[in-house]
Amino acid sequence: MENNAVYYSDYLQLDKIIEAQQPESFKEGKIAAHDEMLFIIIHQAYELWFKQILFEVNSVIGIMSKPALNDNSPEMQTVVHRLKRVTTILKVLVQQIDIMETMTPMDFLDFRDMLRPASGFQSYQFKIVEAKLGLKFEQRHGQNYYTSQLKEKDIAVIKDAENGQSVLELINAWLERMPFITNEFWNNYQQVYVNSLAEAEKNNAEFFATTFNDSNAERNLSPKACRAALFIMLYHGYPMLELPFQLLDTLLEIDNQLGNWRNRHINMVRRMIGTRIGTGGSSGAGYLKAAMDKHYIFKELTQLNSFLINRRQLPVLHKELVERLGYLQ
């Protein structure tokens, strides 16, 4: 083998990775807890996947923050492709809990007290993922607690991520550029929508007006961006809107998979420690449940499904617009 040839274990730096597990219970003078090795490897795997998610999300932010972005360019396809990769990784994170749950509560108690105050809550990478996607500090559950257990250098990295552009902010700017919606179309659609509501749904008429017309409401997506997103959802069968729809649908799936991961995590914590506090001092499952209920990043996109109508009732688009949406000359 040539000296400059790439060797598998050197390329992957396996010596560092394989020797990176140092269970507390294995140290001299303690009784080794067999399942602590599994616990460490699972969480190391999580952190590696968080790193990959951040790598993908940062690349998406880089593409979408360019001054001029062609919506029909390969770059937009790259954005969708990489965000879909994020959803696939998140599915793996959920599945990894199956492995964790091969550990019984008694197995966990063999080493749990040795971990204090270390906790998964101290994963600064996951907090950065949330911030980069669009979760603002003001929207977090337990604002005074979520960085209290972290080192100063990790807090600084999180704050830097919170102050930078997020995927959600860039999506808002991208949606606001859509040129297809006229006042005539919008007024027509609003009338059709309101007339389609059942008696028990009449309050949705006010919700509709607030979502699409009230610029003063506290929100992440502007009324203009919400109109564009709804238009994409309604008419995504046209070729020009197929890729934008995939982008919006992938963002919803990211929220869905994050919700699945949080829910599985809650159930696992309840199974392992019941109502006891977490090793980091949080209220355990109670804290996780409250965070899950609040930390939906793209919920404003999800809410737009409230304003869909039956295909047969959709306003007919002008011939010129149909040609533009269908790539016709």
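Residues numbered from 1 in each chain as written. Predicted model: local features only at pLDDT ≥ 70, side-chain atom pairs only at ≥ 80, totals over all residues. Heavy atoms only, no water.

A. Spatial organisation of the packing of helix α10 (residues 204–213) against helix α11 (residues 223–234). At their nearest, the axes of α10 and α11 sit 6 Å apart, and the two run at 110 degrees to each other. Taken together, α10 and α11 sit at an angle that is classed as roughly perpendicular. Here α10 contributes Thr 211, Phe 212 and Asn 213 to the contact with α11, which in turn contributes Pro 223, Cys 226, Arg 227 and Leu 230. Taken together, the residues of the contact of α10 with α11 break down into four nonpolar, two polar and one charged. (Axes fitted to C-alpha atoms, helices over the stretch in contact; angles between N-to-C directions. Helix = DSSP H or I, 4+ residues; strand = E, 2+ residues; numbered from the N terminus. Parallel < 35°, antiparallel > 145°, perpendicular 65-115°, else oblique. Contact = heavy atoms within 4.5 Å. Nonpolar A, V, L, I, M, F, W, Y, C, P; charged D, E, K, R; others polar.)

B. View of the layout of surface pockets. In this model, the second largest pocket occupies a volume close to 300 Å³. For the second largest pocket, the lining is made up of 15 residues, of which Met 233, Leu 234, His 236, Phe 245 and Leu 308 are closest to its centre. Those elements that place two or more of their residues in the lining of the second largest pocket are α11 and α12 (239–273). Broken down by element, the residue count for the lining of the second largest pocket peaks at four residues, all from α12. Tallied by class, residues from the lining of the second largest pocket come to ten nonpolar, three polar and two charged. (1 Å grid on protein atoms, 1.4 Å probe; cavity = no way out; pocket = protein on both sides within 12 Å on 5 of 7 lines; lining within 4 Å. Points joined across faces, edges and corners; volume = space filled by probe spheres on them.)

C. Layout of the environment of Asn 172. By the secondary structure assignment, Asn 172 is in helix α8 (residues 167–176). With relative accessibility at 12%, the residue Asn 172 sits in the buried group. Counting along the chain gives 48 residues from Asn 172 to Asn 220, while the straight-line C-alpha distance between them is 7.6 Å. The residues contacting Asn 172, other than those within four sequence positions of it, are Asn 220, Leu 221, Ser 222 and Ala 225. (Buried < 20%, exposed > 50% of the residue type's maximum accessible area, 1.4 Å probe, protein only.)

D. Structural context of the pattern of salt bridges. If you walk through the whole model with that rule in mind, you get ten salt bridges. Notably, a salt bridge pairs Arg 85 with Glu 56, separated by 3.0 Å at the nearest N-O pair. Residue Arg 85 is found in helix α4 (residues 74–100), and its partner Glu 56 is found in helix α3 (residues 36–64); the two are separated by 29 residues along the sequence. The exposure class assigned to Arg 85 is partly exposed, which follows from its relative accessible area of 36%. Take Glu 56: its relative accessible area is 2%, and that puts it in the buried class. A salt bridge links Lys 153 to Asp 154, with the nearest nitrogen and oxygen atoms 3.2 Å apart. (Salt bridge = Lys/Arg side-chain N within 4 Å of Asp/Glu carboxyl O.)

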